[in-house]
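Listed below are the residues making up each chain.
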Amino acid sequence: MNTRKIILLFCLLFVLVSSATAKTTISWWQFWTDPSIKPVIREMVDEFERQNPEIEVELTDLTWANGHEKIVIAFASGTGPDVVELGSDWIAEFAVNGHLADVSEDIAGDSSDYQGWGMADYNGRIYARPWFLGTRVLYANRELLERAGYDDLFMPVNWNDLRVAARKINGLGKGIYGWGSNAPEKHRLYKKYLPFFWSAGARIFTDDEMKLCVVASERAVAALDLYKELHDSCGYVANQRGIEDAFLDGKVGLIISGDWLLKRIENEQRKINFTTGLIPGLRFPGRSFLGGEFLAVNEASKQKEAALKFVRFITSPENQVKFCVANRSANPSSRTAQQDEYFKSNDNLQTFIRQIAMAKHPPVDPNWVFIETALEEAVEETVFGSALPAEALFKARKKIDGLEK
Amino acid sequence: MKWSRSSALLLALPWILTFLLFWLFPILYSFIIGFTDQQLLVKEYQWIGLDNYRALLSDPAFIESLKNTFIFVIGTIPFTTIIALAMALMVNRQFKGRGLFRAGYFIPSITAMVVIALVFTNLYQRGGYIALLASMVGLSPPEHGLLFDSGTALYSIMAMDVWMAVGYYMLIFLAGLKSIPEELYEAAALSGAGAIRRFFSITLPMLKPVVLFILVINSIKSFQVFVEIFVMTRGKFETSTMVYFVYETGLTTRFQFGYASAAAYVLFLIIALFSVFQFILLRRRQALW
């Protein structure tokens, strides 16, 4: 055997060994960077790699400030990750342009254990797997309620209770407000109005094929009337964070917020005497806004199988519980996870789990961002301007009709 | 050592490449896509001619941003210029602690806009110091704060902008004042000219190039107002300006690059026309002065 043959043999062996040990690398872009949760994310990734030695996961952190822009630019330039975390209202905009893999077949087996599929369903196909859901509930300052004459079991369950309680708290003195009224914050204001809108039985579109916009209905007007009344009579106006600050400082009696506030109260060791309850409805507890975090696979990914495997692993009930415990969050999408003792042992977390069951998500529509803007403008024009609720909602309907043509 | 033309070019190459790649190319590219319906996530786009420009003219959001931008420009430039000139005249005189005043007036100009905007957001809110001061002099500020009312939000931001900008322009005026020969004032004083006459006959004409520079620079800056709006109101309460409109259209919601580019070119055209108008106006004034 001459030298050339030996070198050739070595090269061949090298190629064979390399290909035998080559790992599939999948990239995952996600938003959880909080020091309390990042190690858990890392731990889950490590565990996945341990169980699947042939797959390597490349983790990239995004921020809420510019994560959406980064994802859009990456997908548009063909450099999107294999797996990406998407907010529920972003799914349609990526799905309609063919950027997300259709995972309808993949989820067929275990869909019954998960909630929130509706938000990933675009034209009858599923484009993402629900990871965590998000809803809003009513927070009440127990001390202010008691000072207003209520016993320690009271919590407003209907619109009238809410109206009266907010006014009574507002009457406690200067600097005390009954209701936290959200300033015109983009992507947030509509989430404060929708709970009343859904609870009144209002809809954005008809359910039939005509898909007519019906936001200017009598029920929607009634919901906006109530929202305006609360704002005018006893509203403390600030952005979401400002309202929560005021609530924690004991200045506001009743606010609508998410589960992140529970975490904040714990982290900042606030001594506030508070309670949570379901969103008040017309006569009984009503429906809240439903959103969520989803994991989607890039349609252009060359490692779809590995990516789907990873998505299944991360969204498994065990990992959801692990995540929620670390993040003190209340909204796993898996029903099995919701049965965990961690959720059962905490009344406030139970409020969120019960509210999720009664919550409703906005329509999955590529135009949602504009529909949302039209709704927010209607609320702004009514609450901060001089428009009548019916007039503002009629204007919103015209804008939405224009989008859907 | 003698520099050859090629070595000079080589040394300038990093800048030339940066200019071509990150300035000239995007400028030309955005001009072209202004005639298309390009959206970032949509894979295909079409040439639509002037449709974007036509759509802009009937877009209420664009018209509102255009109106607000003009209010901002016309409402801030005269105040900024006059106050900056008055301050420069004041700190140009000899008095104790002059350096402290000069530095104090200039500090807002070197402070990050985001920081200033956040401070003023607090000052303007319900129960903030501005509202308190307004109440003390018998005014009734909006119930939920100055930034949560369409009647006051834009003007509040404009007032903050004037406060922030005057120090910078004061310094430019000061440099202009220093370049005026002292003999002119002495001769005028000997001829019996009073302070007001000296100001209008010597100071102002001699400062004409500085005034022109400040007007042009300030106009361009004011037409491009964005950070204040982004931090303080996010375009709500009738405060959306043209650059904010471009940002909203191009970099949020649907990433409508074509439409946003067309809006950006409308802004470019307005700034160019406004600058030319200022040049012509001041050239005529020179003849009068």
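Residues numbered from 1 in each chain as written. Chains lettered and ligands numbered in written order. Predicted model: local features only at pLDDT ≥ 70, side-chain atom pairs only at ≥ 80, totals over all residues. Heavy atoms only, no water.

**Q** Would you mind going over the interface of chain A and chain B in detail, with residue names and values included?
**A** With 27 residues of chain A in contact, the opposing surface of chain B contributes 17 residues. Buried surface at the junction of chain A and chain B, summed over both partners, amounts to about 1,900 Å²; 61% is from carbon and sulfur atoms. Per-residue buried area on chain A facing chain B is highest for Asn97, Lys186 and Phe370 of chain A; these three make up 23% of the total on that side. Linking chain A with chain B are 1 salt bridge. For lysine 236 of chain B, the salt bridge identified is with glutamate 380 of chain A, shortest N-O distance 2.8 Å. The tally of links between chain A and chain B comes to 4 residue pairs in polar contact (both at pLDDT 80 or more). (Contact = heavy atoms within 4.5 Å. Buried area = accessible area lost by both parts, 1.4 Å probe. Salt bridge = Lys/Arg side-chain N within 4 Å of Asp/Glu carboxyl O. Polar contact = N/O pair within 3.5 Å; in protein donor to acceptor, adjacent residues only side chain to side chain.)

**Q** Got a sec to walk through the pairing of strand β3 (residues 83-87) of chain A? Specific residues and values, please.
**A** Residue and element names in this part refer to chain A. The element β3 is extensively covered by neighbouring structure, given that 5 of its 5 residues are classed as buried. Here β3 shows a buried face lined by Val83, Glu85 and Gly87 and a second buried face lined by Val84 and Leu86. By the bridge criterion, 2 bridges tie strand β1 (residues 24-30) to β3 in an arrangement that is parallel. The residue of β3 that forms the bridge with tryptophan 29 is valine 84. (Buried < 20%, exposed > 50% of the residue type's maximum accessible area, 1.4 Å probe, protein only. Helix = DSSP H or I, 4+ residues; strand = E, 2+ residues; numbered from the N terminus. Pairing = 2+ DSSP bridges.)

**Q** Give a description of unusual backbone geometry that names residues and reports values.
**A** All names here are of chain A. One non-glycine residue, histidine 187, lies in positive phi territory at about 70 degrees. Within the secondary structure, histidine 187 is located in the loop between β8 (177-182) and α8 (189-199). Overall, histidine 187 belongs to the partly exposed group, its relative accessible area being 36%. For glutamine 269, which is not a glycine, the phi torsion comes out positive at approximately 50 degrees. Inspection of the secondary structure puts glutamine 269 in the loop between α11 (260-267) and β11 (274-277). On the basis of relative accessibility, which here comes to 61%, the residue glutamine 269 falls in the exposed class.

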